[in-house]
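# Structure at a glance
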Amino acid sequence: MKSVICPPFLQRGDTIGICAPARKVGQEDIEPAVKILESWGLFPVLGKNLFGADNQFSGTDAQRAEDLQEFLNDPAIKAVISARGGYGTMRIIDRLDFTGFAENPKWIIGYSDITVLHSHVSRHLHCATMHATMPYNFNRDPHSTETLRQALFGVPAAYRETNETDVPNRAGTGEGVLVGGNLSLLFALQGSASDIETEGKILFLEDLDEYLYHIDRMVLSLKRARKLEGLKGLIIGGMHEMKDNPVPYGKTAEEIIAEQVAEYDYPVCYGFPAGHGVKNYALQLGKKVRLDVETDLSHLTFL
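Since the model is a prediction, treat every value here as computed from it, not as a measurement. Position numbers for residues start from 1 in each chain and track the written sequence from start to end. Given that the model is predicted, a residue must reach a pLDDT of at least 70 before its local features are reported, and side-chain atom pairs must reach 80 or more before they are shown or counted; all residues, however, enter totals for whole chains, interfaces and linings. Values reported for side chains reflect all heavy atoms of the structure, with hydrogen atoms and water molecules removed beforehand.

Now for the packing of aromatic side chains. Two descriptors summarise a pair of aromatic rings, namely the distance from one centre to the other and the angle between the planes of the rings. Note on aromatic pairs: the rings of Phe, Tyr and Trp (six-membered ring only in Trp) are paired at centre separations within 6.5 Å, and the planes decide the class, stacked below 30 degrees, edge-to-face beyond 60, tilted for the rest. Within the structure shown, the criterion is met by nine aromatic pairs. When the centroid spacing of 6.0 Å and the interplanar angle of 35 degrees are considered together, the rings of Trp40 and Phe138 count as tilted. You can see Trp40 sitting in the loop between α1 (27–39) and β2 (43–46) and its partner Phe138 sitting in the loop between β5 (129–131) and α6 (142–152), a full 98 residues away along the chain. When the ring of Tyr211 is compared with that of Tyr213, the centres are 6.1 Å apart and the planes differ by 45 degrees; the resulting orientation is tilted. Site record: aromatic cluster; members linked through ring pairs are Tyr159, Phe272, Tyr281 and Phe302. Whether a charge sits over a ring depends on NZ of Lys or CZ of Arg being within 6 Å of the ring centre and within 35 degrees of the ring normal. The aromatic ring of Tyr136 is capped on one face by Arg84, whose charged end is 4.1 Å from the ring centroid. To qualify as a helix, a DSSP run of H or I must reach at least 4 residues; to qualify as a strand, a run of E must reach at least 2; elements of each kind are numbered from the N terminus.

Take a look at the structure:
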């Protein structure tokens, strides 16, 4: 297994690029976040197509790819943060050239639809990325935004979190490289050039606004692809705003996952505060972590 590259942590005075590879955003959505980034001592640079619009997208595929490509290529840009998620990154991933990024690795930041970038970079470049809140959500939970600041500036991270779901954790300890992101995107990326590799790793999953039977189908698909059997641990983040049919499915998202991984013996924690909920703590994907799990408590330490 290749060793993981960690981009340089940021310093005051560094430049960070903001682009929108998916859904469109307005200037009013981004201005508060620009001020927050400036208060951290950073210099935000906006993609020239950031406020573009092509139906639901922030500009055409070509425009969105152009902004991201410029930031990937520019060695002066020390991090690239996606303004928001939505849908659209998969439409441009095959247009991107990561040659310049490989020569000058930098933090790629975001969650939800940005899982496409996390998975692709992990698969091909073995480089750490940042699953974290985005400018569109900076004011949603100041503590979550603070975890991003600390992670970007290299403050060692350790989270000790209580499981507030109705499904008990599966106790145990595991160490491995942290990978994952949005379940729907990881499911959609299977069999593609951006497919995730999970063997011997700790997998993080979260999702939003899905039918419960879709959750079962996606988790079962990962299982049939043997992406769940060789894990060192499983972290289930927020499973928010799940939907059901008039004839109920009969299980929560957490219960569905617990059923599908019952035959394995690695530690599993539920309700970790990362994903589409109010709390969305920064996770350095691609970094080695230690996961210590008790019945109602989990402790995640970045090594």
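Having seen the structure, we can now continue with the description.
With that out of the way, let us pick up the environment of Leu303. Position of Leu303 among the secondary structure elements: in the segment after β13 (297–302). The buried label goes to any residue with under 20% of its type's maximum accessible area, the exposed label to any with over 50%, and the partly exposed label to all in between, with areas taken from a 1.4 Å probe on protein chains only. A relative accessible area of 51% places Leu303 in the exposed class. Taking the C-alpha atoms as reference points, Leu303 and Pro156, separated by 147 residues in sequence, lie 8.3 Å from one another. Residues in contact with Leu303, not counting those within four places in the same chain, are Glu175, Lys287, Lys288, Val289 and Arg290. The criterion used for residue contact is that any of the two residues' heavy atoms lie within 4.5 Å.

Here the focus is unusual backbone geometry. One non-glycine residue with positive phi stands out, namely His126, at about 50 degrees. Mapping His126 onto the fold places it in the loop between α5 (115–125) and β5. On the basis of relative accessibility, which here comes to 22%, the residue His126 falls in the partly exposed class. For Glu241, which is not a glycine, the phi torsion comes out positive at approximately 55 degrees.

As defined here, a cavity is a set of points on a 1 Å grid over the protein atoms alone where a 1.4 Å probe fits but cannot get out. A pocket is an open set with protein on both sides within 12 Å along at least five of seven lines, and residues line them when an atom is within 4 Å of a point. Grid points are joined across faces, edges and corners, and a volume is the space filled by probe spheres set on the points. Applying the stated criterion to the full structure yields three cavities of 30 Å³ or more. In this structure, the largest cavity spans a volume of roughly 60 Å³. Considering the residues around the largest cavity, the lining is formed by His118, Ser119, Ser122, Cys127, Ala128, Thr129, Leu178, Val179, Gly180, Ile196, Leu285 and Gly286. Only α5 and β7 (172–182) provide two or more residues apiece to the lining of the largest cavity. Considered class by class, the residues forming the lining of the largest cavity number six nonpolar, six polar and no charged. As for the second largest cavity, its lining consists of Tyr111, Thr133, Asn137, Arg140, Asp141, Ser144, Gly275, Gly277, Val278 and Asn280. In this classification, Asp, Glu, Lys and Arg are treated as charged, Ala, Val, Leu, Ile, Met, Phe, Trp, Tyr, Cys and Pro as nonpolar, and every other residue, Gly included, as polar. Of the residues belonging to the lining of the second largest cavity, the class tally is two nonpolar, six polar and two charged.

Attention now moves to the pattern of salt bridges. Whenever Lys or Arg places a side-chain nitrogen within 4 Å of a carboxyl oxygen from Asp or Glu, that contact is recorded as a salt bridge. Enumeration according to the criterion identifies 14 salt bridges in this entry. Arg290 serves as the salt-bridge partner of Glu175, at 3.3 Å between the closest nitrogen and oxygen. With Glu175 in strand β7 and Arg290 in strand β12 (residues 288–293), the pair connects residues that are 115 residues apart, well separated along the chain. Judged by relative accessible area, which is 34%, Glu175 ranks as partly exposed. For Glu259, the salt bridge identified is with Lys251, shortest N-O distance 4.0 Å. Taking the relative accessible area as the measure of exposure, Glu259 reaches 43% and is therefore partly exposed. In this structure Lys251 comes out as partly exposed when scored by relative accessible area, which is 31%. One salt-bridge network, held together by shared partners, links Glu175, Lys288, Arg290 and Asp292.

Keep in mind that these numbers describe shape and distance, not what the molecule does.
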